[in-house]
2 protein chains.
Amino acid sequence: MARAATTSDVFNAVAEPRRREILIFLLDGERPVTEIVTRLRLEQPAVSKHLRVLRDVGLVRVRRNGRHKFYRTQAEGIQPLHEWASVFERYWSRQLLRVKERAEQMARAANAKTESN
Amino acid sequence: MARAATTSDVFNAVAEPRRREILIFLLDGERPVTEIVTRLRLEQPAVSKHLRVLRDVGLVRVRRNGRHKFYRTQAEGIQPLHEWASVFERYWSRQLLRVKERAEQMARAANAKTESN
DNA sequence: TTGACACATTCCCATATGGGAATATATTTT
DNA sequence: AAAATATATTCCCATATGGGAATGTGTCAA
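The rules behind these values
- Residues numbered from 1 in each chain as written.
- Chains lettered and ligands numbered in written order.
- Predicted model: local features only at pLDDT ≥ 70, side-chain atom pairs only at ≥ 80, totals over all residues.
- Helix = DSSP H or I, 4+ residues; strand = E, 2+ residues; numbered from the N terminus.
- Buried ≥ 20, exposed ≤ 12 C-beta atoms within 10 Å, placed from the backbone.
- Contact = placed C-beta atoms within 7 Å.
- Near = placed C-beta within 6 Å.
- Axes fitted to C-alpha atoms, helices over the stretch in contact; angles between N-to-C directions.
- Left-handed = near helix turned anticlockwise from the far one by under 90°.
- Nonpolar A, V, L, I, M, F, W, Y, C, P; charged D, E, K, R; others polar.
- Pairing = 2+ DSSP bridges.
- Core = buried A, V, L, I, M, F, W, Y, C linked by C-beta atoms within 7 Å.
- Parallel < 35°, antiparallel > 145°, perpendicular 65-115°, else oblique.
- Arc of directions from axis to C-beta.

This part is about the overall build of chain A. Scanning chain A from N- to C-terminus turns up five helices and three strands. Shown N-terminal to C-terminal, the secondary structure of chain A runs as helices and strands in the order α-α-β-α-α-β-β-α. Within the span of chain A, comprising 117 residues, buried residues form 23% of the whole. Across chain A, every contact between residues at least 6 apart in sequence was considered, and the portion connecting residues at least 24 apart equals 53%.

Right, dumping it as structure tokens:
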């Protein structure tokens with residue numbers, strides 16, 4: 001078995017850096033493909049392919065207007081990713097707390113020593 | 001150019017479902033490789049390979065004890081992913097707000113109509 | 001020293017990739 | 001209808017993958 005398809009889920013779709021750029025770019029409002037091409041300095045076919053992947057996993061929406069197609073980010077699609085990452089949050093904050101407490105304890109110890117001198 | 005290496009960043013490392021399982025499993029404390037193998041029902045070489053990728057991107061730490069190696073999740077490594085996903089949060093909550101407001105407005109309208117009858 | 005055990009690495013393979021070039025499709029303009 | 005514009009798809013290719021099987025390496029026990 002090879003690697004999972006980029007369209008298999010949000011995690012795989014977002015693994016590609018260009019697609020992450022596109023998602024950020026399309027976050028504030030819909031944009032035609034041409035604009036993505038010029039702003040992100042990618043080839044048009046490349047952009048279309050990335051948009052295809054993003055569409056397949058529900059991370060962008062399209063609206064057609066004449067010969068233009070306006071894409072925009074479907075932010076809700078990122079939720080599974082965010083929720084999964086959130087599970088780890090309490091663990092790293094717990095770690096940060098430990099580091100902080102240790103630092104404070106060392107500070108107190110240093111203080112006490114200074115005062116006793 | 002082919003797809004980016006799984007070790008190129010956290011996004012790529014976490015694109016693989018088995019690796020996500022391993023990270024969750026190793027979140028509550030260090031475990032020897034054998035335990036990962038039996039609990040997640042994977043072949044031992046597969047687990048070692050996944051752990052290698054996770055180590056390379058700083059998502060797990062190892063401690064050796066005799067012939068055992070104890071792995072545990074390095075939760076901080078998920079931060080970049082979490083922060084990136086957080087950018088989208090306000091957008092989908094904004095969308096949810098719109099949906100909610102529309103629902104309430106419709107409810108009020110339905111109410112008014114009922115009262116006028 | 002010789003096994004036995006715990007892990008890691010290597011080799012092979014089917015598969016999916018992303019880029020580039022070329023081509024196809026849809027729509028508007030002339 | 002023909003040309004132009006906007007976007008999508010197809011084909012080719014170098015590359016990385018994840019699984020399986022086999023093998024390598026390090027450590028402990030007899």
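We are not done yet, so read on.
By nearness alone, 27 residues border DNA strand C, and A2 and G66 of chain A together with P32, T34 and P45 of chain B come closest of all. Going through the elements one at a time, α4 (44–56) of chain A together with α3 (33–40), α4 (44–56) and β3 (68–73) of chain B are the ones with two or more residues in the surface near DNA strand C.

This part is about the protein's contact with DNA strand D. In the region of DNA strand D, 27 residues are neighbours, and P32, T34 and P45 of chain A together with A2 and G66 of chain B sit closest. If you list the elements that add at least two residues to the surface near DNA strand D, you get α3 (33–40), α4 and β3 (68–73) of chain A together with α4 of chain B. A total of six residues in the surface near DNA strand D trace back to one element, the largest contributor, which is α4 of chain A.

With that settled, consider the packing of α3 of chain A against α4 of chain A. Residue and element names in this part refer to chain A. The interhelical angle for the contact between α3 and α4, taken along N-to-C directions, is 115°, at an axis separation of 9 Å. Classified by chirality, the crossing of α4 by α3 is right-handed. Residues V33, I36 and V37 of α3 lie in contact with α4, whose contacting residues are Q44, V47 and S48. Tallied by class, the residues present in the contact of α3 with α4 amount to four nonpolar, two polar and no charged.

In this section: the sheet that holds β3 of chain B. Residue and element names in this part refer to chain B. An order of β1-β3-β2 is seen for the three strands of this open sheet, with the pairing classed as antiparallel. A strand with exactly one partner marks an edge of an open sheet, and here the two such strands are β1 (31–32) and β2 (60–65). In terms of strand pairing, β2 meets β3 through six bridges, oriented antiparallel. For R63, the partnering residue across the bridge sits in β3 and is F70.

Residues and elements named next belong to chain A. One open sheet accounts for three strands, arranged β1-β3-β2; its pairing is antiparallel. The open sheet has two edge strands with one neighbour each: β1 (31–32) and β2 (60–65). Bridging between β1 and β3 involves two bridges; their strand directions are antiparallel. By the bridge assignment, P32 is partnered in β3 with F70.

With that settled, consider the environment of V60 of chain B. Residues and elements named next belong to chain B. For V60, the location among the structural elements is in strand β2. When the 23 C-beta atoms within 10 Å are taken as the criterion, V60 is described as buried. Separated by 16 residues in sequence, V60 and E76 have C-alpha atoms that sit 9.7 Å apart. In contact with V60, not counting residues within four places along its chain, are L26, L51, L54, R55, Y71, R72, T73 and Q74.

What follows is about the nonpolar core. One finds V10 and L54 of chain A together with V10 and L54 of chain B to be the most contacted residues of the largest nonpolar core, which totals 41 residues. Setting aside chain neighbours within four positions, we find V10 of chain B in contact with V57, L59, G77, I78, P80 and L81 of chain B.

Packed helix pairs are characterised by how far apart their axes lie and by the angle those axes make with each other. Residue and element names in this part refer to chain A. Between helix α2 (residues 17–25) and α4, the least distance of the axes is 10 Å, while the angle of their chain directions is 75°. In terms of their interaxial angle, α2 and α4 are classed as roughly perpendicular. Facing R18, R19, I22 and L23 of α2, the residues of α4 in contact are H50, V53 and L54. The residue makeup of the contact of α2 with α4, split by class, is four nonpolar, one polar and two charged.

Right, let's get into α2 of chain A. Count 3.6 residues to each turn of an α-helix, and residues three or four apart come out pointing the same way. Residues and elements named next belong to chain A. Taken together, the buried positions of α2 are occupied by R19, I22 and L23. Projection of α2 onto a plane perpendicular to its axis shows the buried side chains occupying an angular sector of 100°, all on one side. Looking at the buried side of α2, the elements it contacts are α1 (10–13), α3, α4 and β3.

To continue, consider the interface of chain B and chain A. Listed as interface residues are 21 residues of chain B and, on the opposing side, 21 residues of chain A. For the side of chain B that touches chain A, the secondary-structure elements that each account for two or more residues are α1 (10–13) and α5 (79–116) of chain B. The dominant element in the side of chain B that touches chain A, judged by the number of residues it contributes, is α5 of chain B, at ten residues. Taken together, the residues of the side of chain B that touches chain A sort by class into twelve nonpolar, five polar and four charged.

The quantities given are spatial measurements derived from coordinates; they are silent on function.
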